[in-house]
2 protein chains.
Amino acid sequence: MANIQDVAKLAGVSISTVSRVLNGTARVNNEVKKRVEESMQTLAYQPNPAARSLRTNRSRIIGLLISDIQNPFFMRLIQGVEEEALRHEYSLILCNSNESPQREQQYLDVLYSERVAGAIIVPTREYLGEANLSKFRERNIPIVAVDRRVKDKDVDAVLVDNVRGAQEAVTHLINNGYRRIAAVTGPLTVTTGRDRLEGYRRALKDARIPHNPELERSGTFDAETGRRLTNELLQINPRIDALFLGNNLLTLGALDALHAHNLQVPIDVGLVGYDETFWSALGTLSLTTIIQPAYELGATAALRLFQHLQNPAIQSRQEVVLTPSLIIRSSSLAREPQPVKV
Amino acid sequence: MANIQDVAKLAGVSISTVSRVLNGTARVNNEVKKRVEESMQTLAYQPNPAARSLRTNRSRIIGLLISDIQNPFFMRLIQGVEEEALRHEYSLILCNSNESPQREQQYLDVLYSERVAGAIIVPTREYLGEANLSKFRERNIPIVAVDRRVKDKDVDAVLVDNVRGAQEAVTHLINNGYRRIAAVTGPLTVTTGRDRLEGYRRALKDARIPHNPELERSGTFDAETGRRLTNELLQINPRIDALFLGNNLLTLGALDALHAHNLQVPIDVGLVGYDETFWSALGTLSLTTIIQPAYELGATAALRLFQHLQNPAIQSRQEVVLTPSLIIRSSSLAREPQPVKV
DNA sequence: AAGGTAGCTGAAATTGTTTTCATGACAATC
DNA sequence: GATTGTCATGAAAACAATTTCAGCTACCTT
């Protein structure tokens, strides 16, 4: 494997000059430059990233720490990050915290000690912790939180407006005649759980529907939880007439529970889900859902990270909020529409 | 950030000794060792991976190059690799070729120049090419192909028995009274496409059902293709009575096409899919499918890779073949069972 | 003609580790 | 008592790049 010396020798220059051509850090005579470039070509020279990052204390790798690799939503997000990284000629270290703060911490340590150039994180908790942040800050490694906000100061975030999404979803149910609307949301320790519950409440409030805590359930973002909580809700009398689900996997479990109870969607129970996914419109299934721009979420976070990398001087914290949209299918359309004035 | 010198100074030894303690490459006096370890503790010392891999020409990172990050099947596979990597204290660079050989090549170059310790690849083509392989071989970077076989010599592979899976699926349809069975499979340029078609043919042959090329369609592994090819198959007279699908996304498209034609599964058309996934048993849907051990596929490939890394002397090529299994649900059970003797 | 400057280039230091080679201490062998 | 061997340790080289500093032209200014 050719190294910078070989290139220098072949081109008849010093390694400094080769380095300058490589990085464009200083002017090099055009002819010399050409000769160097030819030498790099013929030797198929590729700079050694280890030597580089040893010297510069920075790699061409960014870390992506997500919370659930099983969730299709995050696959889109990963893809967004990945494509943007490819475009900027960075590689991507993928880490999966599995919603476990311990594992998240473990991976933060890995990313730190690997000296990644930057990190994009779907946090599992409210704070990443000043201990972590100051370590990264000290080494000038930017961090961008994505999908979920953290309370730490100075952490950039790229989010979707969850309050708005949920509010829109539930308002849609109300406008279509549903009144006893229950909600199954994610953990209240993360903004995607809390904000969507908040949106649900606001929609009810705006429509002057009394708030009933019994109709609110929350738990972890998985199908089993969706099934369990939906089962609980279905025990309640009088029966709920609609269900708002806080993410795609919760929806999956809810559908299962409804089917087990022999309840038809939307005739017996209206339904609006969160996250557009493979099975949203599959066969007889036709779910009204909130679409999140998952790909854009990832791509935007990556772009923000690269802004930091290209201009380390940027200090200001930035919060980008993308807008979800409602796609109306039949799972929410069995009652007489009864728009409520707000 | 403390470096090895700081540790050495604090412990009152040379850096060589610290290195020896760190790597266990030679005996160190117990007391000295203890002192060194304490110093590492107090300084929160973490070895610099860049310096390490510069010296050893090997990183603690492995590359995973998959062909479609959107497919839930690969998510499970990724998770298998990721957990095994974590256990061995390796990080994972994730690359997504998107079934494009160009992008695959691009990423192979990235992995090579990043000096990954090893690579796990879901190939998009029949050959990785001797040019690539010899480069990796020269630097002693092991490669393991996963899910799909390549024809190159000396590439380890971890596979699922696709012929067997498909054969089992189609035999099951036959045993349950279906006779005009069509197949929609993936691209014939990859083993997961070709082998499953082969399994389909063998099942028919074993049952002495005449082979009808018109009932075989193949295309890329996505829902749109599944829909299109199923639509084509539904034009044929007399109508097919069952459908075998070559992967999860093809199944998704097929279900859509059947629904659009107002055909009921399994009454009008029996169906067996490939890959167990979120929507296999969702509401009224109840798909008989071939389950692939996706997680094990990834974990096994990673293990094989680490075998190579721990013992670079291993030369022998190994092909591990895992066994798929059939899970019977109602999508294949509307006819009178008519077992065929084989 | 002397001095200053802009533009290129090279030598050498630097980064943090692993690894080779050398050394000294001490025990075992003849 | 001389020689050999083993063990623990340190000094220094090597890895491949970036970066600082200094030097050398060639040209311009006064």
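Before reading further, recall that the structure is shown in the block above.
The following paragraphs examine the structure supplied in this document. (Residues numbered from 1 in each chain as written. Chains lettered and ligands numbered in written order. Predicted model: local features only at pLDDT ≥ 70, side-chain atom pairs only at ≥ 80, totals over all residues. Heavy atoms only, no water.)

**Details of the pattern of salt bridges**
Here's step 1: For the structure on display, the rule yields 44 salt bridges over all chains.
Here's step 2: Asp195 of chain B serves as the salt-bridge partner of Arg149 of chain B, at 3.8 Å between the closest nitrogen and oxygen. Of this pair, Arg149 of chain B sits in the loop between strand 4 (143-146) and strand 5 (156-160) while Asp195 of chain B sits in helix 9 (residues 191-206), and the two are 46 residues apart along the sequence.
Here's step 3: Owing to a relative accessible area of 32%, Arg149 of chain B belongs among the partly exposed residues under this scheme.
Here's step 4: Using a relative accessible area of 15% as the deciding quantity, one classes Asp195 of chain B as buried.
Here's step 5: Beyond isolated ion pairs, a larger network of salt bridges with shared partners links Arg149, Asp195, Arg317 and Glu319 of chain A. (Salt bridge = Lys/Arg side-chain N within 4 Å of Asp/Glu carboxyl O. Helix = DSSP H or I, 4+ residues; strand = E, 2+ residues; numbered from the N terminus. Buried < 20%, exposed > 50% of the residue type's maximum accessible area, 1.4 Å probe, protein only.)

**Remarks on the protein's contact with DNA strand C**
Here's step 1: Around DNA strand C sit 28 residues in total, of which Arg20 and Arg27 of chain A together with Ile4, Tyr45 and Arg55 of chain B are the nearest.
Here's step 2: Of all DNA strand C atoms lying within 4 Å of any protein atom, the proportion belonging to sugar or phosphate reaches 60%.
Here's step 3: Ser14 of chain A has a polar backbone atom sitting 2.8 Å from a phosphate oxygen of DNA strand C.
Here's step 4: Taking Ser16 of chain A, its side chain carries an N or O atom lying 2.9 Å from a base nitrogen of DNA strand C.
Here's step 5: Tallied by class, the residues present in the surface near DNA strand C amount to 11 nonpolar, 12 polar and five charged. (Near = heavy atom within 4 Å. Polar contact = N/O pair within 3.5 Å; in protein donor to acceptor, adjacent residues only side chain to side chain. Nonpolar A, V, L, I, M, F, W, Y, C, P; charged D, E, K, R; others polar.)

**Section: the relation of the copies chain B and chain A**
Think of it as a corkscrew move, a rotation about one axis and a shift along it, taking one chain copy to the other.
Here's step 1: Mapping chain B onto chain A calls for a rotation angle of 180 degrees and an axial translation of 0.0 Å; the resulting RMSD is 0.1 Å. Those values place the two copies in the arrangement expected of a two-fold rotation axis.
Here's step 2: Both copies contact each other with a shared surface, as 98% of the interface residues of chain B are interface residues in chain A too. (Least-squares fit on C-alpha atoms with pLDDT ≥ 70 in both. Contact = heavy atoms within 4.5 Å.)

**Quick notes on the packing of helix 5 (residues 72-87) of chain A against helix 6 (residues 101-113) of chain B**
Here's step 1: Interhelical geometry of helix 5 of chain A versus helix 6 of chain B gives an angle of 70 degrees and a closest axis separation of 13 Å. If you check the angle between helix 5 of chain A and helix 6 of chain B, you find them roughly perpendicular. Here helix 5 of chain A runs over helix 6 of chain B; the crossing is left-handed. Within the contact between the two elements, helix 5 of chain A uses Glu82, Glu83 and Leu86 of chain A and helix 6 of chain B uses Arg103, Gln106 and Tyr107 of chain B. (Axes fitted to C-alpha atoms, helices over the stretch in contact; angles between N-to-C directions. Parallel < 35°, antiparallel > 145°, perpendicular 65-115°, else oblique. Left-handed = near helix turned anticlockwise from the far one by under 90°.)

**Points about the protein's contact with DNA strand D**
Here's step 1: The environment of DNA strand D is made up of 25 residues, and the closest members are Ile4, Ser19, Tyr45 and Arg55 of chain A together with Thr17 of chain B.
Here's step 2: Counting only the atoms of DNA strand D that lie within 4 Å of the protein, the sugar and phosphate share comes to 64%.
Here's step 3: Separating a phosphate oxygen of DNA strand D from a side-chain N or O atom of Ser19 of chain A is a distance of 2.7 Å.
Here's step 4: Between a phosphate oxygen of DNA strand D and a side-chain N or O atom of Thr17 of chain B, the distance comes to 2.6 Å.
Here's step 5: Listed by contribution, the elements that provide at least two residues to the surface near DNA strand D are helix 2 (15-23) and helix 4 (49-56) of chain A together with helix 2 (15-23) and helix 4 (49-56) of chain B.
Here's step 6: Its residues assigned to classes, the surface near DNA strand D comprises nine nonpolar, 11 polar and five charged.

**Let's talk about helix 10 (residues 223-234) of chain B**
Residues and elements named next belong to chain B.
Here's step 1: In this model helix 10 runs 16 Å from its N-terminal to its C-terminal C-alpha over 12 residues, within 8% of the 16 Å that 1.5 Å per residue would give.
Here's step 2: Those residues of helix 10 lying buried are Thr225, Gly226, Leu229, Thr230, Leu233 and Leu234. Buried residues of helix 10, viewed axially, fall in a sector of 160 degrees; they line one side.
Here's step 3: Among the structural elements, strand 6 (181-185), strand 7 (216-218), strand 8 (242-245) and helix 11 (248-260) are those in contact with the buried residues of helix 10.
Here's step 4: Taking the backbone nitrogen of Glu224 as reference, a side-chain oxygen 3.2 Å away marks Asp222 as the first, capping residue of helix 10. (Expected span 1.5 Å × (residues − 1). Arc of directions from axis to C-beta.)

**Focus on the pairing of strand 11 (residues 319-322) of chain A**
All names here are of chain A.
Here's step 1: Burial along strand 11 is one-sided: Val320 and Leu322 are buried, while Glu319 and Val321, pointing the other way, are not.
Here's step 2: With four bridges joining them, strand 5 (residues 156-160) and strand 11 adopt parallel strand pairing. Looking at strand 11, one finds that Leu159 is bridged to Val321. (Pairing = 2+ DSSP bridges.)

**A closer look at the environment of Gln264 of chain A**
Here's step 1: Along the chain, the position of Gln264 of chain A falls in the loop between helix 11 (248-260) and strand 9 (270-274).
Here's step 2: As a C-alpha pair, Gln264 of chain A and Ser331 of chain A span 67 residues in sequence and 9.4 Å in three-dimensional space.

**Details of unusual backbone geometry**
Residues and elements named next belong to chain A.
Here's step 1: Here the amide bond leading from Val265 into Pro266 is cis, since omega sits at 5 degrees, within 30 degrees of zero.
Here's step 2: Relative to the assigned elements, Pro266 resides in the loop between helix 11 and strand 9.
Here's step 3: Of note in this structure, Asn98 is not a glycine but carries a positive phi near 55 degrees.
Here's step 4: By secondary structure assignment, the location of Asn98 is in the loop between strand 2 (91-96) and helix 6 (101-113).
Here's step 5: With relative accessibility at 34%, the residue Asn98 sits in the partly exposed group.

**Remarks on the packing of helix 1 (residues 4-11) of chain A against helix 2 of chain A**
What describes two packed helices is the angle between their axes and the distance between those same axes.
Residue and element names in this part refer to chain A.
Here's step 1: At a closest axis distance of 8 Å, the pairing of helix 1 and helix 2 adopts a crossing angle of 105 degrees. Between helix 1 and helix 2, the interaxial angle falls into the category roughly perpendicular. Facing Ile4, Gln5, Val7 and Ala8 of helix 1, the residues of helix 2 in contact are Ile15, Val18 and Ser19.

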